[in-house]
Amino acid sequence: MAEATEVLRMFYELAASTWGPEEIAAIERVVASGRFTMGEQVAAFEREFADYFGVRHGIMVNSGSSANLVAVAALAYKAERPLQRGDEVIVPAISWATTYHPLQQYGLKLRFVDVELDTLNIDTAKLEQALTPRTRAIVPVSILGNPAALDVIRAFADAHSLYVLEDNCESMDAELNGKKAGTFGDLNTFSFFFSHHISTMEGGMVLTDDLELAHLCRAMRAHGWTRDLPADTPLYRRGSSDHFEAYRFILPGYNVRPLELEGAIGREQLKKLPALTAARRKNMALFQELFAGDERFIIQRENGASSCFSFTIVLNPVRNPDREKVFAALKEADIGFRIITGGCFLRHDVLKYYDYDTVGEIKNAYTAHDLGFFVGNHPFDLTPQIERLRAVLDRVCS
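**Some points on the overall build of the protein chain**
Then, number 1: Scanning the protein chain from N- to C-terminus turns up 12 helices and 13 strands.
Then, number 2: With the C-alpha coordinates of the protein chain rotated into their principal frame, the extents come out at 75 × 55 × 35 Å.
Then, number 3: Split into buried and exposed, the 398 residues of the protein chain put 59% on the buried side.
Then, number 4: The contacts of the protein chain with a sequence gap of at least 6 include a subset with a gap of at least 24, amounting to 72%.
Then, number 5: Per element, the accessible surface of the protein chain, about 16400 Å² overall, is 50% carbon and sulfur.
Then, number 6: Averaged over its 42 positive side-chain charges, the protein chain has a centre that lies 3 Å from the centre of its 53 negative ones.

Structural data, given as structure tokens:
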């Protein structure tokens, strides 16, 4: 296996390519075939990806955001116990915007729960407080490779008959108790964006063991059409007219299909995933060695086995830190950084369009928003970059 190509414009980039000559060759094979729309390569990648995670069904889409969209849509069109407008969903206060948007778009009420400051994942101690008679689902998110308490969340959901939509777009190949993150939910979503664990340029995946949900996702992905569904699907009964059946629409779907190029690239990237994860974990060990136990900084407490593609740092609020001074020093040192995952969603303007409330005090999510940032973690040796990061922060943080 060729190593990922190292193309760094900054001394310490936020993201770096995981591609090698294998991905370019895969693109060239697709171009030579003349088939660019979703086809055999996408289908093969879906099977291989589902097999890697030990899940029955994989449905590829054009982004992790679209994976969340079709997953929510599938729950809304289940034959029994569908999600309905006004139902409540428990969500963490920190995640990417499109964790939340599909829930709003399907008329659901969000109940925001604070995160743990040392893991940045949802505080499961507050789940009972978040539960109401209208609660129907929970959306756990594992932030930047660090598994949430997915076992606790799954048990809580089972005890209260809740759906679990696991947003695993940031934590591919992470594990909890020997079980892969992205396999705890009724539906599980992944992203293949450039900066994530593997990249197909853009792209995403839904995994599920539920046949009905899988078929709903397949139909929703492609216009609400029946073309991708087998004859024995539970979603509808095929009629006798082939002319009509060729263009039969059964759901108010979308067009979020992936390209054949993306499927072919994904197959090559998946072969590399264990090695990519191992390289990132080696960098993580150095990061933890240099930063753990330093009271100036709060870093993620690893829960299970992280697959981190970024390192988070929250400046300890008890020391009255000056984050702008830190940011200026990082820029001068040519170190890329950004807000943690999108920050506390309660701070964003779009919230005016939401039906929501908060569960108890939201404190840690605001602290991470105001005093946190992350830097990149790439699948090659970052010793000089991590050491410079430490030196810079030593100099500017008291």
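**A few points about the packing of helix H9 (residues 260-291) against helix H12 (residues 383-396)**
Then, number 1: Across the interface, H9 lies against H12 with an axial gap of 10 Å and an inter-helix angle of 20°. The angle between the axes of H9 and H12 places the two elements in the roughly parallel class. Crossing geometry of H9 relative to H12 is assigned as right-handed. Seen from H9, the contacting residues are Asn283, Leu286, Phe287, Leu290 and Phe291; seen from H12, they are Thr383, Ile386, Glu387, Leu389, Arg390 and Leu393.

**Things to note about the sheet that holds strand S12 (residues 356-358)**
Then, number 1: The sheet built from eight strands is open, its strands ordered S1-S9-S8-S5-S4-S2-S3-S12 with mixed pairing. Whereas interior strands pair on both sides, the edge strands pair on one side only; in this sheet they are strand S1 (57-61) and S12. Looking at each pair of strands side by side, their axes are set apart by 25° on average, direction ignored.
Then, number 2: Pairing of strand S5 (residues 163-167) with strand S8 (residues 187-191), which is carried by three bridges, proceeds in the parallel orientation. The residue of S8 that forms the bridge with Leu165 is Leu187.
Then, number 3: The strands touched by helix H6 (residues 150-159) are strand S2 (88-92), strand S4 (135-138) and S5; relative to S5, the strand with the most contacts, the crossing angle is about 155°.

**What about the side chain of Arg296?**
Then, number 1: Looking at the element boundaries, Arg296 is found in the loop between H9 and strand S10 (297-298).
Then, number 2: Polar contacts involving the side chain of Arg296 include one to the side chain of Asp294, which spans 2.7 Å.
Then, number 3: In contact with Arg296, not counting residues within four places along its chain, are Val314, Leu315, Asn316, Arg319, Arg390, Leu393, Asp394, Cys397 and Ser398.

**Here we look at the sheet that holds strand S13 (residues 372-376)**
Then, number 1: Spatially, S10-S11-S13 is the arrangement adopted by the three strands of the open sheet, whose pairing is antiparallel. Both outer strands of the open sheet, S10 and S13, are each paired with one neighbouring strand and no more.
Then, number 2: For S10 and strand S11 (residues 310-315), the ladder comprises two bridges, and the chain directions are antiparallel. In the sheet register, Phe297 faces S11, and the bridge partner there is Leu315.
Then, number 3: In this fold helix H10 (residues 323-332) packs onto S11 and S13, with an angle of close to 15° to the strand it touches most, S13.
Then, number 4: Packed on one face of the sheet, H12 meets S10, S11 and S13 and runs near 10° to S11.

**Quick look at the nonpolar core**
Then, number 1: Residues Ile313, Val326, Leu330, Phe373, Leu389 and Leu393 are the most contacted members of the largest nonpolar core, which totals 87 residues.
Then, number 2: Per element, the largest residue contribution to this core is nine residues, and it comes from helix H3 (residues 64-76).
Then, number 3: When near neighbours in sequence (up to four residues on either side) are disregarded, Ile313 contacts Phe287, Phe291, Phe297, Ile298, Ile299, Ile340, Leu371, Gly372, Phe373, Leu389 and Leu393.
Then, number 4: Grouped together as the second largest cluster of nonpolar side chains are 18 residues, Ala148, Phe156, Ala181 and Phe184 included.

**Some points on the pattern of salt bridges**
Then, number 1: This structure, assessed with the given rule, holds 29 salt bridges.
Then, number 2: The salt bridge partner of Glu13 is Arg9, with a shortest N-O separation of 3.7 Å.
Then, number 3: In this structure Glu13 comes out as buried when scored by relative accessible area, which is 7%.
Then, number 4: Under the relative-accessibility criterion, Arg9 is labelled exposed at 70%.

**Considerations on the packing of aromatic side chains**
What characterises a pair of aromatic rings is the spacing of the ring centres plus the angle enclosed by the ring planes.
Then, number 1: Inspection of the entire model under this criterion finds 20 aromatic pairs.
Then, number 2: Ring centres of Phe45 and Phe192 lie 5.4 Å apart, and the angle between their planes is 55°; this geometry places the pair in the tilted category. In this pair, Phe45 sits in helix H2 (residues 40-53) while Phe192 sits in the loop between S8 and strand S9 (204-208), placing the two residues 147 residues apart along the sequence.
Then, number 3: Phe45 gets classed as buried once you look at its relative accessible area, which sits at 0%.
Then, number 4: For Phe192, a relative accessible area of 0% puts it in the buried group.
Then, number 5: Seen from their ring centres, Phe49 and Phe192 are 5.4 Å apart, and the 80° between their planes marks the pair as edge-to-face. Of this pair, Phe49 sits in helix H2 while Phe192 sits in the loop between S8 and S9, and the two are 143 residues apart along the sequence.
Then, number 6: Members of the aromatic cluster, joined through ring pairs, are Phe45, Phe49, Tyr52, Phe53, Phe190 and Phe192.
Then, number 7: Here the guanidinium or amino end of Lys179 rests over the ring plane of Phe184, the centre of that ring lying 5.1 Å away.
Then, number 8: Taking the ring centre of Phe291 as reference, the NZ or CZ of Arg390 above it sits at 5.3 Å.

About the cut-offs
Residues numbered from 1 in each chain as written. Predicted model: local features only at pLDDT ≥ 70, side-chain atom pairs only at ≥ 80, totals over all residues. Heavy atoms only, no water. Helix = DSSP H or I, 4+ residues; strand = E, 2+ residues; numbered from the N terminus. Buried < 20%, exposed > 50% of the residue type's maximum accessible area, 1.4 Å probe, protein only. Contact = heavy atoms within 4.5 Å. Areas by Shrake-Rupley, 256 points an atom, 1.4 Å probe, with all protein chains shown as cover. Lys, Arg positive; Asp, Glu negative; His and termini not counted. Charge placed at Lys NZ, Arg CZ, Asp CG, Glu CD. Axes fitted to C-alpha atoms, helices over the stretch in contact; angles between N-to-C directions. Parallel < 35°, antiparallel > 145°, perpendicular 65-115°, else oblique. Left-handed = near helix turned anticlockwise from the far one by under 90°. Pairing = 2+ DSSP bridges. Polar contact = N/O pair within 3.5 Å; in protein donor to acceptor, adjacent residues only side chain to side chain. Core = buried A, V, L, I, M, F, W, Y, C linked by side-chain atoms within 4.5 Å. Salt bridge = Lys/Arg side-chain N within 4 Å of Asp/Glu carboxyl O. Phe/Tyr/Trp six-rings, centres within 6.5 Å; stacked < 30°, edge-to-face > 60°. Lys NZ or Arg CZ within 6 Å of the ring centre and 35° of its normal.

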